[in-house]
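What the coordinates show
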Amino acid sequence: MEKFIINGGKTLSGKVKISGAKNSALKLMAASILADSKTILRNVPEIEDVNIMIEVLRTLGAVVDVDVENKVVEIDPGSISSYEAPYELVRKMRASILVAGPLLSKFGKVKVAIPGGCNIGSRQIDLHLKGFEDMGAKYSIEHGYINCQVDSNEAGAKLFGTMVNLDFPSRGATENIMMAGCLADGQTVINNAAREPEIVDLANFLNSMGADIQGAGADCIIVNGVKSLDGTDYEVMPDSIEAGTFITAAGLCGDRVEIENARWKNLEIFYSKLKEIGVNISIVDENNISVDAPREVYRPTNISTLPYPGFPTDLQPIITVLLSVVPGVSIVTENVFENRFMYVDELNRMGADVKIDGHHAVIKGVEKLSGAPVRSFDLRAGAAMVLAGLAAEGSTEVSDIHHIQRGYEDFVKKLRNLGADIRKVS
Ligand code: EPZ
């Protein structure tokens with residue numbers, strides 16, 4: 001089984017360039033189904049989740065060509081003949097559910113395996129399904145699959161635009177319903193919509209295909225259905241969570257690290273929290289951030305994760321590792337997922353002093369972490385274990401690294417280029 005071996009204590013310095021955003025690229029790939037012609041996607045990260053989405057699209061019958069070297073993925077949906085996202089792919093990657101909105105909008109039907117839970121929570125899709133029902137679809141659940149189609153006997157019947165009120169600003173539900181509205185008859189208004197930068201990237205992508213979407217980035221999104229959409233040529237936005245991961249690594253054990261393509265405006269609350277802690281972080285320009293060696297002893301702080309523009313839940317494990325070596329007591333509260341502290345037991349095996357009380361992690365800073373064999377429970381928890389290994393004394397073995405390889409492009413190579421002593425072994 002592959003693992004990372006890290007000899008901690010090295011000082012990081014140099015430059016790292018952030019890759020395309022996983023949590024945008026996957027949606028743009030799904031959205032390409034809506035077009036009547038080929039889409040060219042650029043700056044697509046070479047990660048496992050992208051490979052799975054390519055498999056999903058090919059299973060539907062789309063022609064997908066990949067130019068790995070230039071990070072380009074070309075998707076031609078013209079030959080799609082199946083409307084089923086199979087279990088063996090959906091269980092690997094929950095984001096496969098995002099082909100539902102496009103398939104429903106364009107073909108009026110979809111069969112998708114119910115995504116299981118994962119190591120951070122139950123990951124419901126009730127808000128997606130309720131939105132589709134509001135738009136005139138009906139669904140049944142059989143043998144672990146959702147069969148969903150437009151509720152009409154009329155051949156070629158379409159979804160209809162309507163008002164959809166989300167109980168929670170779910171990113172996936174917002175994305176699926178926004179895509180479902182693109183070819184629906186009439187106007188769809190999504191209230192209490194998610195506001196992440198990746199939602200804006202998806203809306204910009206859809207509009208570049210000829211969609212008519214306004215308000216993305218705010219909590220009310222309006223989608224005016226159109227007759228058809230054309231393929232487009234589009235560059236995926238940089239990955240804010242990858243940027244936050246490297247900024248935190250630099251704050252933990254950096255000297256001078258420059259992070260290119262870190263669109264800091266997508267990280268404002270994260271940035272302000274790091275400043276509160278005392279991380280010596282500076283904005284070089286709107287797309288570049290630098291982190292220098294600390295000028296002062298870091299201070300504890302309290303963090304509550306919330307949907308954007310609140311503190312991103314995906315950086316919760318990452319910042320907890322930083323706080324675990326900050327003198328004093330910090331409290332991190334996880335409000336988005338019900339079970340996103342599983343990694344804490346692994347962190348405590350490295351000498352951290354973190355106690356979980358419901359949705360709260362009470363972190364007492366320790367002098368130093370010590371290297372140990374630890375597991376990755378999910379993508380961001382795995383990255384957090386790597387950061388802990390970088391800061392720890394001695395050697396750390398991180399196993400189950402397939403989780404990490406789902407979402408971080410060239411993670412080991414980028415860290416080694418900054419001076420980290422990390423290698424992958426089988
Ligand atoms: C996206 O997941 C991201 N994944 C997650 O990133 C991220 O943690 C999450 O948003 C929150 O920011 C991708 O974009 C591929 P949600 P998503 O729908 O869309 C509940 C990573 O590490 N909910 O906003 O699934 C749900 O159970 C991953 O890159 C319902 O109850 O997130 C969860 O508690 C991890 N019913 C909360 O909402 C629904 O129908 C947030 O879910 C939908 C969601």
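Please refer to the structure placed before this passage.
Rules behind the numbers
Each chain has its residues counted from 1, running along the sequence as written. Local features in this predicted model are restricted to residues of pLDDT 70 or higher, and side-chain atom pairs are both shown and tallied only at a pLDDT of 80 or more, whereas totals for entire chains, interfaces and linings draw on every residue. Side-chain metrics in this entry use all non-hydrogen atoms of the structure; hydrogen atoms and water are not considered. Within this document, salt bridges are pairs made up of a side-chain nitrogen of Lys or Arg and a carboxyl oxygen of Asp or Glu, the two lying within 4 Å of each other. Numbering of helices and strands runs from the N terminus; a helix is a DSSP stretch of H or I covering at least four residues, while a strand is a stretch of E covering at least two. Per-residue accessibility, obtained with a 1.4 Å probe over protein chains only, is compared with the maximum for each type, and a residue is labelled buried under 20%, exposed over 50%, and partly exposed between these values. Here, residues are in contact when the closest pair of their heavy atoms is within 4.5 Å. Strand pairing requires that DSSP identify at least two bridges connecting the strands. Axis angles are defined between N-to-C directions and span 0 to 180 degrees, where every axis is a line fitted to C-alpha atoms and, for a helix, only to the segment in contact. Nearness is judged by heavy atoms alone; a residue qualifies as near a molecule or strand once a single heavy atom is within 4 Å of it. Whenever a nitrogen or oxygen atom comes within 3.5 Å of another N or O atom, the pair is scored as a polar contact, on the condition that within protein one atom can donate a hydrogen and the other can accept it, and that pairs from neighbouring residues in sequence are kept only if both atoms are in side chains. Per-residue accessibility takes into account occlusion by the displayed protein chains alone, with areas from the Shrake-Rupley method and a 1.4 Å probe. Each residue is assigned to one of three groups, with Ala, Val, Leu, Ile, Met, Phe, Trp, Tyr, Cys and Pro labelled nonpolar, Asp, Glu, Lys and Arg labelled charged, and all others, Gly among them, labelled polar. Note that domain bounds follow an automatic or database assignment of domains.

**Some points on the pattern of salt bridges**
Evaluated as defined, the whole model comprises 23 salt bridges. Here Lys22 and Asp49 are joined by a salt bridge, their closest N and O atoms 3.7 Å apart. You can see Lys22 sitting in helix H1 (residues 22–31) and its partner Asp49 sitting in helix H2 (residues 48–60), a full 27 residues away along the chain. Measuring nitrogen to oxygen at the nearest pair gives 2.8 Å for the salt bridge that ties Glu296 to Arg299. The network of salt bridges with common partners includes Lys22, Asp49 and Arg406.

**As for the environment of Glu48**
Looking at the secondary structure, you find Glu48 in helix H2. A residue is classified by how much of its surface remains accessible, and Glu48, at 35% relative accessible area, is partly exposed. For the pair Glu48 and Glu409, spaced 361 residues apart in sequence, the C-alpha separation works out to 8.9 Å. Apart from the residues lying within four places of it in its own chain, the contact partners of Glu48 are Gln405 and Arg406.

**Digging into the sheet that holds strand S19 (residues 329–333)**
With mixed pairing, the 4 strands of this open sheet are ordered in space as S18-S19-S21-S20. The sheet is open, and its two borders are formed by strand S18 (302–304) and strand S20 (353–357), each paired with just one other strand. Averaged over all neighbouring strand pairs, the angle between strand axes comes to 15 degrees, with direction disregarded. Note: S20 against strand S21 (residues 360–364), 5 bridges, orientation antiparallel. From the neighbouring strand, Ile356 faces S21, where its bridge partner is Ala361.

**Topic: the site of the ligand**
Within the structure, the ligand sits among 23 residues, and Lys27, Asp126, Leu127, Ser170 and Asp314 are positioned closest to it. Interatomic distance of 2.7 Å between a side-chain N/O atom of Ser170 and an oxygen atom of the ligand. Val336 places a polar main-chain atom, nitrogen or oxygen, 2.8 Å from an oxygen atom of the ligand. Protein chains shield 88% of the accessible area of the ligand, which is 820 Å² for the free molecule. Breaking the shell around the ligand down by element, the ones donating at least two residues are H1, helix H5 (126–134), helix H6 (171–181) and helix H12 (379–391). Classifying every residue of the shell around the ligand by side-chain character gives 8 nonpolar, 6 polar and 9 charged. Mapping the shell around the ligand onto the domain boundaries places at least three of its residues in each of domain 1 (3–19 + 238–425) and domain 2 (22–235).

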